[in-house]
Amino acid sequence: MLLITCPYCGPRDESEFSCGGEAHIARPLAESSLTDAEFADYLFLRDNPKGLFLERWRHAAGCRRWFNMARDTVTHEIVEIYPMGSGPASKAGKAAHAASWRRDTAAEAASKPAHKSRAKKDKVS
Amino acid sequence: MTQVNRLDGGLIDRDTPLDFTFDGRRYGGFAGDTLASALLANGVRLVGRSFKYHRPRGIISAGSEEPNALVELREGARREPNSRATMTELHDGLVARSQNRFPSLGFDLMAVNDRFSAFLGAGFYYKTFMWPKAFWERVYEPLIRQAAGLGALSGDPDPDVYDRGFRHCDLLVIGAGPAGLMAALTAGRAGAEVILVDEDFRAGGRLTMERETVAGINGADWAAEAAAELVSMPNVRVMPRSTAIGVFDHGIYSVLERVADHLPVPREGTPRQILWRVYAKRAILAAGATERLIAFDNNDRPGIMQASAVRGYVNRWAAAPAERIAIFTNNDDGHRTAADLAAAGVEIAAIIDSRPDAPASDVAELFAGAVVSNSSGRRGVGHVTLRLADGGRKHVSCGALAVSGGWNPNVHLTCHHRGRPQWQENIAAFVPGDGVPPGLAVAGAARGIFSTAGALADGRDQALAQLAELGIKVTSATVPEADDTPVKITPLWHVGGTGRAWLDQQNDVTVKDVGLAHQENFRAVEHLKRYTTLGMAGDQGRTSNVLGLAVMAELTGKTIADTGTTIYRPPYTPTPIAAFAGRSVGRNFRPTRLPPSHHWAAEQGAVFVEAGSWMRAQWFPREGEVHWRESVDREVLATRRSVGVCDVSTLGKIDIQGNDAGAFLDLVYSNRFSTLPVGRTRYGLMLREDGMVMDDGTTARLGETHYLMTTTTANAVGVYRHLEFVRQCLRPDMDVQLISATDSWAQFAVAGPNARRVLQAVVDSQHDISNEAFPFMACRAISVCGGVPARLFRISFSGELAYEIAVPARYGDAMIRALMAAGEPHDITPYGTEALGVMRIEKGHVTGNELNGTITAHNLGMAKMVSTKKDSIGAVLAGREALVAEDGLCLVGLQAIDGDHVTAGAHMFAESTPVDAAHDEGYVTSAAWSPHIGASIGLGFIVRGANRHGETVRLMNPLEGRSARARICSPHFIDPEGERLRG
């Protein structure tokens, strides 16, 4: 039983929320041509780490808003809660985000407009 | 009746005598008694029979750890088995009975089990009930069910109310003994919001049971004064009869309050029990400690008790367990019992102290370095046998034996987050170790500080530490003076012998059983527990675990610290299921939703059916109709012939608005909606991202930036949730807003050739709804009955000329009555969900039966609806090779031949193939009797179905032992060209 601080409603009981699983899974854009296996990374493959996990949660029996939560799956410690569309701010949250295998997938690259990702690549090189 | 063992003094109210019965005999007690203390005062030692061997058993303890004295309380529907006599407050007229005996407690036939104990050792059921296999269900299971368990439920619904509640505090203090009281006083006086819970009905913990002085007065009086001070503080809530049963995350604690268990029946308007969820910023566990026994042969006879319990019964309840009591101890605490018994004038038979260096006693004969090796007596102890220091034997006659084997801190709640207790050698006990839940501190005896002075000081110190973390300032915090005796113990776990020495009395686990577990290599503590059931009884091993571990440690040659301990889980004490259910029972288990025309339908005598949380009219029987099919056939035919009306408010309605509403719908539907003209409605197919069909329905465009989506009744919640996920998580950039409007609008389908005529009578005349002005798939905001706002949709589920008319939900009842009145000249017929289903099957419309999560648009023959010109959810994976294969499943209609019946769930086979999985060609999803066709029809999926119309297949239903033959046909049994609905 967790006590979750909804960013819009304040601290509420876990029973008001529903967990939507792993966060930061971007949907590939239509113009991309991914293989079925690459698309599966987006649709089917989910992490299940022991330790800090970035998750999507929904205040189902409240404001119905989705938000992100960095939660330790062992201790249930909630490290931070941050809005949809933004990334983690804590050091541990950032590290967990950066360390995800998903960052290197074609599915994630395909979620950003082509010119943007190319521009980023150019910058790096 | 005289209370033969009642002494003077005690904390009972002798001005309030109470009557009660046990096994039909009447006894007397006083207010302040528990059932256990009253039974002892009346000289009753035998109170139950053990679980497996049906051995005579008596009261062991004076608290919630009681493993033996489990009785059945009350009568009728309030009958409650397995109640601990030690936790049962006596009330006038209490009816209690012993359990697990037949025909009587004194003479129990099943006691024969005790003679066959050699065959009933640990794990016997793993070895015994194996062969023959045919016996499993017919012989063994009924046999085991008959023998298992102790008491029996009444079988009647519980007449009492149970509730759930929520409380918040700065500091939760668990236990109102010296440590808990001192912690609560310290925090309360500092102004913190405090909740103090204790399972007893009287505050003080052990102070109520000892002869001790605190702050110069009797310890029990000091506790009463402290409790009174706490009750007087507005920032402190004292909760007696309340047990903290579990620790959850982030400072959430479960507390069971027994509001009315001490009353014959709960007071009017109050629940019997409340399960509180306490949100505590910090908590202190001051749960005290439990005295353990020492195992020796036949140590389970009634009268053999914890020494601390004997002392407690004498001091608090003025009830001597027997006239002559012997004491068996391995530590100084036993001598304290001796002193208290002597002070109360109870005869002490002997003090048997296993330590050769036992301190001298001036109250009784002392046998130092001696042990009790056996007991004898029928239905209760009469003699104990001593093995003296010099090896000699001696018999001592006594009616009770007080055993003190040392104290185990009540660490249970510290384990609820998988914390592991650790061994502390100097007190020979486990104390809280690593993994104590964050925010929970432990004080007093619960962490091995056993003296009263130590507990008081520790209670204050732990409170100060917690208050400091909360930023609450404390000006002064003094601790009263109290007894401070050091504890000296030389561990003795069991006295070797040739007979059976009990460890876990409730589950009948003996020292020999642990030996057997060791011999069969179940040596790890968790294996030991499961193999022998040691510690799996209602007390969760509070009276047995450490003894069992010590025996195992001896056998393996390890230390107890290395052997480790099993951990404890919630609930701390047995908790009724009813308390967890609270008020969520019967019809309140979940909400029931009633469509707006419900009361009207009830007046018509409709038969209702549960559809998800909705109650929907299934059919409307008329006088003379005896079979449901008569009603349903009539409703279908009347609708197709003239006009019918049906409440379809339960279909999900989602209002979608915003500049990107069209683009949003293009994303969530496989077909395009941004091009839909205002004032028109379109059928939409919604896919999951994996390409399977999720739901279907019509969506109307009410304005440039305003759409109204309908979903199936079953998926209303799921689709809305899905749309919110897409909006918030996948496309937060879109300007679109959603709201569920399902409950806001009452919606009625008016179907049949006369539908327009009926509607023209209720729609206000300025709205032209002629076929030209309001064609098929039109939608418009209109008004009805002289200005009531309404929405009209020309959509058809039945295949007839049909409309759905929606009015604000509060007009729903009036609307159905107006429609019925307007339709009277046309003999309008209300129809229910059955007729709705028949007509949609006749028309070949799919619903939840067909959209079962494994079906694609291709299977439905709707592949063209998945637009490849735009991005939509599911479009990518809907194109997977196997999903678009030409020989895939295809929706077909089925018409039974030779008078057979189509049954949903049947699998389809070609005429002459074997009936096995390899030749399975498809399955039936929906079936109905079509009064229109005059045959049993259905819908189903079969491979290459589109090319097989006219072919005969066999419908095999081995589950129900049925088979039938049917002809494959178009799923549109009626009006395949759609002329009726356009007319």
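Residue numbers run consecutively from 1 along every chain, following the written order of its sequence. Written order decides the labels, with chains lettered from A and ligands numbered from 1. Where totals are concerned, whole chains, interfaces and linings use all residues; where local detail is concerned, this predicted model gives features only for residues with pLDDT of at least 70, and gives and counts side-chain atom pairs only at 80 or more. Side-chain numbers come from the whole structure's heavy atoms, not from hydrogens or water.

Residues and elements named next belong to chain B. Whether two strands pair depends on DSSP finding at least two bridges between them. Helix and strand definitions follow DSSP, with helices as H or I runs of at least four residues and strands as E runs of at least two, each counted in order from the N terminus. Strands sit in the order β40-β41-β42-β39-β33-β43 across an open sheet of six strands; the sheet is mixed. The open sheet is flanked by β40 (779-784) and β43 (829-830), the only strands paired with a single partner. The pairing of strand β41 (residues 788-793) with strand β42 (residues 802-808) spans three bridges and is classified as antiparallel. The residue of β42 that forms the bridge with R791 is A806. Note on definitions: a residue-residue contact is assigned when non-hydrogen atoms from the two residues lie within 4.5 Å. Working convention: axes come from line fits to C-alpha atoms, limited for helices to the stretch in contact. Angles between N-to-C directions cover 0 to 180 degrees. Helix-sheet contacts for helix α19 (residues 755-762) involve β39 (745-751), β40, β41 and β42, and the interaxial angle to β42 is about 25 degrees.

Next up on the list: the pattern of salt bridges. Residues and elements named next belong to chain B. The salt bridge definition used is simple: a Lys or Arg side-chain nitrogen within 4 Å of an Asp or Glu carboxyl oxygen. Per the stated rule, a full pass over the model turns up 61 salt bridges over all chains. In this structure, R6 and D33 form a salt bridge, with 2.5 Å as the shortest nitrogen-oxygen distance. Of the two residues, R6 is situated in the segment before β1 (13-22) and D33 in the loop between β2 (25-31) and α1 (35-41); the sequence distance between them amounts to 27 residues. Exposure class is identical for R6 and D33. Each is buried. A single salt-bridge network, built from bridges that share partners, covers R55, R57, D114, D300, R500 and D508. When accessible area is computed with a 1.4 Å probe and restricted to protein chains, residues below 20% of their type maximum are described as buried, those above 50% as exposed, and intermediate ones as partly exposed.

In this section: the nonpolar core. One recurring pattern in soluble globular proteins: nonpolar side chains tend to sit buried together. Residue and element names in this part refer to chain B. To form a nonpolar core, buried Ala, Val, Leu, Ile, Met, Phe, Trp, Tyr and Cys residues must be joined to one another through side-chain atoms within 4.5 Å. Core analysis: the biggest nonpolar cluster contains 48 residues, and F20, F22, L35, I59 and Y313 have the highest contact counts within it. Each residue touching F22, except ones within four places of it in the same chain, is listed here: Y27, L39, V44, L46, V47, V71, A96, R97, S98 and L105. One finds V636, M839, C969 and F973 within the second-largest nonpolar core, a separate group that totals 34 residues.

Moving on, we come to the packing of helix α17 (residues 661-668) of chain B against helix α18 (residues 716-730) of chain B. Residue and element names in this part refer to chain B. Interaxial distance between α17 and α18 falls to 11 Å at its minimum, and their mutual angle equals 115 degrees. At the point where α17 passes α18, the crossing takes the right-handed sense. Each of F664, L667 and V668 in α17 lies in contact with α18, whose residues at this interface are L723, V726 and R727. Residue classes follow a fixed rule: Ala, Val, Leu, Ile, Met, Phe, Trp, Tyr, Cys and Pro count as nonpolar, while Asp, Glu, Lys and Arg count as charged, and any other residue, Gly among them, counts as polar. Of the residues that constitute the contact of α17 with α18, the class distribution is five nonpolar, no polar and one charged. Each crossing gets its handedness from the near helix: less than a right angle anticlockwise from the far helix is left-handed, clockwise is right-handed.

All names here are of chain A. A grouping of F44, L45 and W101 is seen on the molecular surface, where their side chains present a nonpolar patch of about 290 Å² in accessible area. Tracing the chain through its elements places W101 in the loop between α2 (91-99) and α3 (106-109). Residue classification places W101 among the partly exposed positions, given a relative accessible area of 31%. Only residues whose relative accessible area exceeds 30% and that form no salt bridge are eligible for patches; like-charged ones are grouped when within 9 Å, while nonpolar side chains (Val, Leu, Ile, Met, Phe, Trp, Tyr) are grouped when within 5 Å. Computed with a 1.4 Å probe, the accessible areas rest on the Shrake-Rupley method; for each residue, only the protein chains presented here act as cover.

The next point concerns helix α12 (residues 545-556) of chain B. Residues and elements named next belong to chain B. Each residue after the first adds 1.5 Å to the expected span of a helix. The end-to-end C-alpha distance of α12, which contains 12 residues, comes to 16 Å, matching closely the 16 Å that a straight helix rising 1.5 Å per residue would cover. For α12, the tally of buried residues reaches nine of 12 residues, placing the bulk of the element in the interior. Along α12, the positions that sit buried rather than exposed are N545, V546, L547, G548, L549, A550, V551, M552 and A553. The first or second residue beyond α12 is G557, which carries a positive phi of 75 degrees.

The next thing to look at is the interface of chain A and chain B. Taken residue by residue, the interface counts 22 residues in chain A and 25 residues in chain B. Once two parts are put together, the accessible area they lose, assessed with a 1.4 Å probe and summed over both, is termed the buried area. The contact between chain A and chain B buries some 2200 Å² in all, and 58% of this surface belongs to carbon and sulfur atoms. Taken as a group, M1, R27 and R64 of chain A account for 33% of the area that chain A buries against chain B, more than any other trio of residues on that side. Joining chain A to chain B, the criterion identifies three salt bridges. The salt bridge partner of R277 of chain B is D13 of chain A, with a shortest N-O separation of 2.4 Å. We call two N or O atoms a polar contact when they sit within 3.5 Å, provided that within protein one can donate a hydrogen and the other can accept it, with sequence-adjacent residues counted only if both atoms are side-chain atoms. Viewed at the interface, chain B and chain A are joined by 13 residue pairs in polar contact (both at pLDDT 80 or more). Counting residues per element, the ones that place at least two in the side of chain A that touches chain B are α1 (36-43) and β4 (52-58) of chain A.

Before going further, it helps to spend a moment on unusual backbone geometry. Residues and elements named next belong to chain B. For the bond from P570 to P571, the omega torsion is -5 degrees, close enough to zero to count as cis. In this model, D23 sits at a positive phi of 50 degrees, which is unusual for a non-glycine residue. Relative to the elements of secondary structure, D23 occurs in the loop between β1 and β2. The phi dihedral of A215 is positive, around 50 degrees, even though this residue is not glycine.

Once that is clear, we can look at the confidence of the model for chain A. One confidence number per residue, pLDDT, is output by the predictor and ranges from 0 to 100. In this model, chain A carries a mean pLDDT of 89, and residues with pLDDT of at least 70 account for 90%. Contacts from residues 116-125 of chain A, a stretch scored under 50 in pLDDT, to residues over four places away or in other chains number zero contacts.

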